Amino acid sequence: MIFINPKTDYAFKKIFGSSESKEILISFLNALIYEGNPTIEDLEIINPNLPPKLEGLKDSYLDVKAKLSDGTLVIIEMQVLNVQSFGKRVLYNAAKTYAFQLEAAQGYRLLKPVIALTITDFEMFPKSPEFISRFVFKEVNKNFTYPENNLDLVFVELPKFTKGQEELETLADKWIYFMKNARSLTSVPETMDSIPEIHEAFNIANQASLSREEVEDLDRREQFIYDQQGAILKAVQDGIEQGIEQGREQGIEQGREQGIEQGREQGMREKAIAIARQLLSQLDNATIAQVTGLSVEDVQNLRSTNS
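So, here's what we can say about the structure.

We now examine the overall build of the protein chain. When its secondary structure is counted, the protein chain shows 10 helices and 6 strands. Relative to its full complement of 307 residues, the protein chain shows a buried share of 46%. The contacts of the protein chain with a sequence gap of at least 6 include a subset with a gap of at least 24, amounting to 64%. Total accessible area on the protein chain stands at roughly 16400 Å², and carbon and sulfur atoms take up 50% of it.

The next thing to look at is the pairing of strand β1 (residues 43-46). In β1, alternate side chains face the same way, and those of Leu 43 and Ile 45 are buried while those of Glu 44 and Ile 46 on the opposite face are not. Across 4 bridges, β1 lies against strand β2 (residues 64-68) in antiparallel orientation. Residue Ile 46 lies in a different strand from β2, and its bridge partner there is Lys 65.

On to the sheet that holds strand β5 (residues 132-135), then. Adjacent strands of a sheet form backbone hydrogen bonds with each other and so pair up, either parallel or antiparallel. Read from one edge of the open sheet, 6 strands run β1-β2-β3-β4-β6-β5, paired in mixed fashion. Of all the strands in the sheet, just β1 and β5 have a single pairing partner and so form its edges. Ignoring which end each strand starts from, the neighbouring axes of this sheet average 20 degrees apart. Pairing analysis gives 7 bridges linking strand β3 (residues 73-79) to strand β4 (residues 114-120), with the strands arranged parallel. Paired with Gln 79 across the two strands is Thr 120, which belongs to β4. Lying on the sheet, helix α2 (residues 22-33) is in contact with β1, β2, β3, β4, β5 and β6 (151-157); it crosses β1 at an angle near 105 degrees.

Formed by 75 residues in total, the largest nonpolar core has its most connected members in Phe 16, Leu 25, Phe 28, Leu 29, Ile 76 and Phe 178. Per element, the largest residue contribution to this core is 8 residues, and it comes from α2. Contact partners of Leu 29, with chain neighbours within four places excluded, come to Tyr 34, Ile 40, Leu 43, Val 74, Ile 76 and Leu 117.

Each value, and the rule that gives it
- Residues numbered from 1 in each chain as written.
- Predicted model: local features only at pLDDT ≥ 70, side-chain atom pairs only at ≥ 80, totals over all residues.
- Heavy atoms only, no water.
- Helix = DSSP H or I, 4+ residues; strand = E, 2+ residues; numbered from the N terminus.
- Buried < 20%, exposed > 50% of the residue type's maximum accessible area, 1.4 Å probe, protein only.
- Contact = heavy atoms within 4.5 Å.
- Areas by Shrake-Rupley, 256 points an atom, 1.4 Å probe, with all protein chains shown as cover.
- Pairing = 2+ DSSP bridges.
- Axes fitted to C-alpha atoms, helices over the stretch in contact; angles between N-to-C directions.
- Core = buried A, V, L, I, M, F, W, Y, C linked by side-chain atoms within 4.5 Å.

Dropping the structure here:
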């Protein structure tokens, strides 16, 4: 068997956000948010319809949204590219979802909690060894939780998860292993096949169930992701090396340190510009600016020089 890569946006929504994904999503959320406890018993997947066709990158930033039985809203996003200001985008989307619950003149008492579950194919918190991190509002000195703690940010960093099949113990372990390794598997691991929801997720991910057009579109998307990851790494490395060289030319340690920092900043900007160029033919200036962290003016200048 060949399985599609659940880390690609379309595949992620097909597995977790389509009309037949309800039980899969309940198991997935209970595993990653509630430590495998059956806290969520029911939910409604919001807008479960898949895009009819993958065209370029117009649907590259799909997420899955669900409403729990108590009204809590959950946003689930899979992010493979470490674009500039991504952490701010997560917070913005959670805050926007929280605020947009109310219609004009409705009272704040109607607001329901929002949980943003973000799975990343890169490290967001390099100083922490944990692969699941959870953030809520806390008092700085006494560390007690804010009484109306209605925004909850949960991050799963796939590169930090290094367990093999024989080491999988918890439901979270098995779901994260599925997310990280399904593409490279040729059969369903025995330790995971006994869980009905994971078994069904593998069925949906089975490439044999897709049309030839879907497979070709997914292959193109996966190649684009690999290309962009390579461009990001090269831009950052080039920037750091150039910064180190500038520091050496100054001939002092301070210059070297400043050069490294300048190089990092330059590398991040070059990374953002490289991604923006790839998106010029697919997205408008405002959307590209939001995704990359560049200004709208920067994007317009890129568009002018590429025309």
